[in-house]
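# Secondary and tertiary structure notes
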Amino acid sequence: EPSPTYEVTEKGKAQTAKIDGTSLDLEVDSDDFDDLEDVDMDLLDEANQNGDRGNETLTFSINNGDKERSEARKKRTFVPILKQERIMRKLIHKLVLFSMICHGAIRNRWCGDRRLLDMLKKTVSAEIASLFHQDNADVLSVVKAKRFVDGLRKLLTVFSRKFKVTSPGIQRRDWSSTGNTTEEKDRIMSFERFMKCVKTFHGSRDVGAQAFVAVLRSMGVNARLVFSVQVPDYRSIRPVKDGSNQKGEKENPIRETNKPKSEFDPVENPNYPVFWIEVWNKYSRKWITVDPIVFKVVEVMPMRRKCKFDAPAAEESHQTWYVIAYDERNVIKDVTRRYTQFYNAKTVKKRIGFASDEDAHWYSRVLRSIGKQKGSISQAEAMELKEFHDRHVCEGTPNNMADFKNHPVYALEPQLRQDEIIYPNDETSKCGTFRSSNKSSIMPVYKRSCVHKLKTPKAWHMSGRVLKVGAQPLKTKKAHILLYAEFQTELYIPPPIIDGKITKNAYGNVEIFRPTMVPENGVLLKITRDVSMKMLENAARWVLNIDYAKAIVSFEFGKALKNKRAPTAKEGGILIDAQYKEAMLAVLDGLREQEEQEKREAVELNALRSWNFFMKKLQIVSRLDRSHGKVTHSGEDADIPLEKEEIHKEDEEEEDEEGYFKKSEASEEGGFLLEDTKNEDLAINVSTEGMMD
DNA sequence: CTGCTTTATAAGACTTTGAGTAAC
DNA sequence: CGTTACTCTTTGTCTTATAAAGCA
């Protein structure tokens with residue numbers, strides 16, 4: 001908003017602007033004309049009549065009624081963030097995710113440090129420790145399992161009494177606070193400091209959970225450090241609120257780390273743990289979740305009920321989207337499934353990689369690269385896989401319509417995209433019914449696997465597929481656009497190359513949109529940074545004299561201008577018979593070499609010409625010296641500036657000719673050079689070889 | 001209070017093989 | 001005379017995701 005050039009005082013619903021007539025300097029730009037419509041002429045007249053300084057002061061009012069309303073409307077309407085900001089958010093999301101997973105891995109390594117574990121060994125009473133390793137054969141494993149859990153409970157009680165929490169630890173930040181670089185009062189944690197914290201049983205909530213892991217591991221219990229990574233929502237396109245931003249900064253949750261409170265304030269402190277522990281109960285073969293800090297519980301996560309570690313969607317300070325478990329061997333496992341009731345319906349939609357395979361791959365690579373590679377699947381891992389599968393099945397259908405959208409397992413017909421269809425549309429594709437809470441109507445629930453994406457035959461061709469014989473369109477759009485599903489198509493097999501003869505289309509080229517579209521016996525030589533289409537064609541046509549075809553790899557769409565400009569085919573290389581591949585590569589190498597050689601020679605030639613030019617200048621100077629005597633700089637002769645000017649003039653000429661010295665001109669206005677020396681010395685211009693040495 | 005509908009906006013998907021002119 | 005490089009145009013439509021207010 002440009003600042004107004006006039007003084008404005010608010011007065012109820014109307015604004016009164018006073019403008020000093022003498023110093024009036026009002027620039028009206030086009031936007032301001034909107035405001036002119038709102039000028040109340042009556043008020044203006046009135047103001048003029050009782051103007052305090054006569055004609056010099058002009059007072060008028062702007063009726064703000066309409067403007068206010070439109071601004072209110074503007075405030076109501078939501079303007080999403082722009083593309084660049086979306087990209088930035090996604091990048092930050094990934095960056096935080098990656099660094100947090102690394103952070104967890106580092107802490108986990110600390111929790112398994114030999115020195116630390118040796119030190120902690122003595123801290124647990126033998127009575128409790130004995131419950132984790134029961135080797136009496138006559139006791140049922142059910143009983144052992146119960147005793148194991150009892151041991152955990154007792155340990156938790158002791159530990160949570162002993163451990164002093166001094167700060168809340170890691171907390172989630174959304175977009176309104178990610179930009180704040182308020183200095184963290186938490187000192188940078190070193191391993192030495194961590195050791196000290198664990199030894200003296202004090203630190204943040206996070207350190208508390210980590211210390212508990214270390215205590216368990218010191219007794220030889222298989223314990224995992226679990227980290228619920230807190231990331232901002234990259235799917236959010238809501239702009240950062242302006243008004244609440246300053247307010248938000250004031251009540252920034254970071255502030256409280258400056259002054260740790262003795263007791264947790266439920267408003268300012270998180271109600272959900274970020275770090276907790278999973279313990280493998282070898283007697284019941286289940287992972288037991290232990291939180292000694294926030295919930296102070298020891299339990300097996302429920303199957304169908306809400307999980308207490310999972311915050312509601314409205315909770316800004318905590319979201320359960322990525323739960324990472326680190327075991328004693330530093331193997332990383334994503335265990336989010338265990339802690340979210342509606343993983344398929346809600347959680348996956350917040351995770352990176354939900355809408356992009358590339359990002360999904362990125363995430364799995366992050367997990368693989370940070371964690372240690374596990375060898376064969378252990379019994380615990382097999383049990384866990386089964387557990388996750390059971391949880392997946394148990395989740396069932398969403399309980400509201402919105403959650404069916406893009407649900408990985410289920411689909412509702414009214415939510416399908418325009419180019420999607422359910423096939424087969426019969427009892428085999430239905431797997432239940434859904435009643436919207438608002439409507440009485442009941443609609444069938446379909447399996448997502450029965451939802452097929454449709455394309456036109458041309459679009460399928462672009463993906464390297466052709467319609468099977470006799471395929472009937474599953475849908476017709478706009479009367480003439482026939483749409484087919486992938487299962488109605490098959491891979492396009494181009495005609496093979498026989499005897500080096502390449503089958504071309506009506507445009508004299510071949511379409512190779514996919515690698516599968518390269519014909520048998522064919523090789524696609526692609527255009528690269530230093531191999532141009534011209535070089536490829538030269539090599540095939542003039543050097544090897546073989547049959548080839550330009551390959552169209554995609555289309556470029558400059559905006560179609562009313563039948564005038566259609567999409568243009570993009571040439572990506574040439575197609576040749578595979579038998580000539582080696583020969584072509586060799587020729588291309590040669591051509592590239594030759595091109596580079598030519599480039600080098602051009603540079604050389606240019607350099608030599610510059611040298612020639614420079615030499616000639618020297619000759620001129622020396623001739624002038626010879627015929628007019630040496631000019632000394634100390635003498636401050638009037639000749640000096642003159643001579644300088646002369647040289648400058650020639651410099652300019654050189655620039656005009658783009659670095660190439662114009663021989664004819666130089667000799668024409670030469671004047672300074674004597675005929676004989678000119679011919680002698682200019683000879684080097686031609687003999688380049690001698691010069692290079 | 002919850003969840004659906006309506007109404008905003010930005011952006012993506014979709015499309016699927018030039019012509020005329022100046023310079024070399 | 002044949003070949004090559006460059007510049008036109010500037011926004012088409014339809015669909016989707018997301019958010020927030022309104023409403024039942």
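Keep in mind it's a predicted model, so treat the numbers as computed, not measured.

What follows deals with the overall build of chain A. Across its full length, chain A holds 22 helices and 25 strands. A total of 693 residues make up chain A; the buried ones form 37% of that total. Restricting to contacts in chain A with at least 6 residues of sequence separation, those with at least 24 account for 70%. Total accessible area on chain A stands at roughly 42,300 Å², and carbon and sulfur atoms take up 53% of it.

For Thr428, the position within the fold is in the loop between β14 (420-422) and β15 (430-435). Polar side-chain contacts of Thr428 include one of 2.5 Å to the side chain of Asp426.

The next thing to look at is the state of the cysteines. Following the criterion strictly, the structure yields zero disulfides and no others. Looking at the unpaired Cys197, the closest cysteine sulfur is the one in Cys111, lying at 12 Å. The class for Cys197 is buried, based on a relative accessible area of 4%. No disulfide involves Cys431; its sulfur sits 8.2 Å from the nearest other cysteine sulfur, which is in Cys450.

This part takes up the nonpolar core. Within the largest apolar cluster, 63 residues are counted, with the highest numbers of intra-cluster contacts made by Ile101 and Leu216. Ranked by residues supplied to this core, first place goes to helix α10 (residues 205-218) with eight residues. Those residues in contact with Ile101 that sit more than four places away from it in its chain are Val229, Ile324, Tyr326, Ile332, Tyr363, Val366, Leu367 and Ile370. Formed by 16 residues, the second largest nonpolar core is a distinct cluster that contains Leu525, Ala539, Met584 and Leu588.

The next thing to look at is the pattern of salt bridges. In the structure shown here, the tally under the stated rule is 29 salt bridges. Between Arg89 and Glu85 there is a salt bridge, and its shortest N-O distance comes to 3.6 Å. In this pair, Arg89 and Glu85 are both assigned in helix α4 (residues 83-111), four residues apart and thus about one turn of the helix distant. Glu85 sits in the partly exposed class, given a relative accessible area of 35%. The network of salt bridges with shared partners includes Arg224, Glu278, Lys333, Arg338, Glu384, Glu387 and Arg391.

A few words on the sheet that holds strand β12 (residues 332-334). The strand order across the open sheet built from six strands is β10-β9-β8-β7-β11-β12, with neighbouring strands paired in antiparallel fashion. With partners counted over all chains shown, the strands left at the sheet margins are β10 (297-299) and β12, one partner each. The sheet shows a mean angle of 25° between the axes of neighbouring strands, direction not considered. Sheet analysis places strand β9 (residues 286-291) next to β10, joined by three bridges and oriented antiparallel. Pairing of Val290 across the sheet is with Val298, part of β10. Sheet strands in contact with α10 are β7 (223-229), β8 (275-281), β9 and β11 (322-326), and its direction is about 20° off that of β8. Set on the sheet, helix α15 (residues 379-395) makes contact with β7, β8, β9 and β12; between it and β12 the angle comes to about 15°.

This chain's UniProt record puts "coiled-coil region" (unreviewed entry) on residues 581-608. Each end of residues 581-608 is marked by a C-alpha atom, and these two atoms are 40 Å apart; helix forms 100% of the span and strand 0%.

Scanning all chains against the criterion turns up 20 aromatic pairs. With a centroid separation of 5.5 Å and an interplanar angle of 15°, the aromatic rings of Phe159 and Phe163 are classed as stacked. Taken together, a centroid distance of 5.3 Å and an interplanar angle of 85° make the contact between Phe295 and Phe309 edge-to-face. Of this pair, Phe295 sits in the loop between β9 and β10 while Phe309 sits in the loop between β10 and β11, and the two are 14 residues apart along the sequence. Residue classification places Phe295 among the partly exposed positions, given a relative accessible area of 25%. Three or more aromatic residues joined by ring pairs make a cluster, and in this case those are Tyr272, Trp276, Phe295, Phe309 and Tyr339.

Reading the values: the criteria
- Residues numbered from 1 in each chain as written.
- Chains lettered and ligands numbered in written order.
- Predicted model: local features only at pLDDT ≥ 70, side-chain atom pairs only at ≥ 80, totals over all residues.
- Heavy atoms only, no water.
- Helix = DSSP H or I, 4+ residues; strand = E, 2+ residues; numbered from the N terminus.
- Buried < 20%, exposed > 50% of the residue type's maximum accessible area, 1.4 Å probe, protein only.
- Contact = heavy atoms within 4.5 Å.
- Areas by Shrake-Rupley, 256 points an atom, 1.4 Å probe, with all protein chains shown as cover.
- Polar contact = N/O pair within 3.5 Å; in protein donor to acceptor, adjacent residues only side chain to side chain.
- Disulfide = S-S within 2.5 Å.
- Core = buried A, V, L, I, M, F, W, Y, C linked by side-chain atoms within 4.5 Å.
- Salt bridge = Lys/Arg side-chain N within 4 Å of Asp/Glu carboxyl O.
- Pairing = 2+ DSSP bridges.
- Axes fitted to C-alpha atoms, helices over the stretch in contact; angles between N-to-C directions.
- UniProt positions renumbered as here; feature names shortened; annotations may be inferred.
- Phe/Tyr/Trp six-rings, centres within 6.5 Å; stacked < 30°, edge-to-face > 60°.

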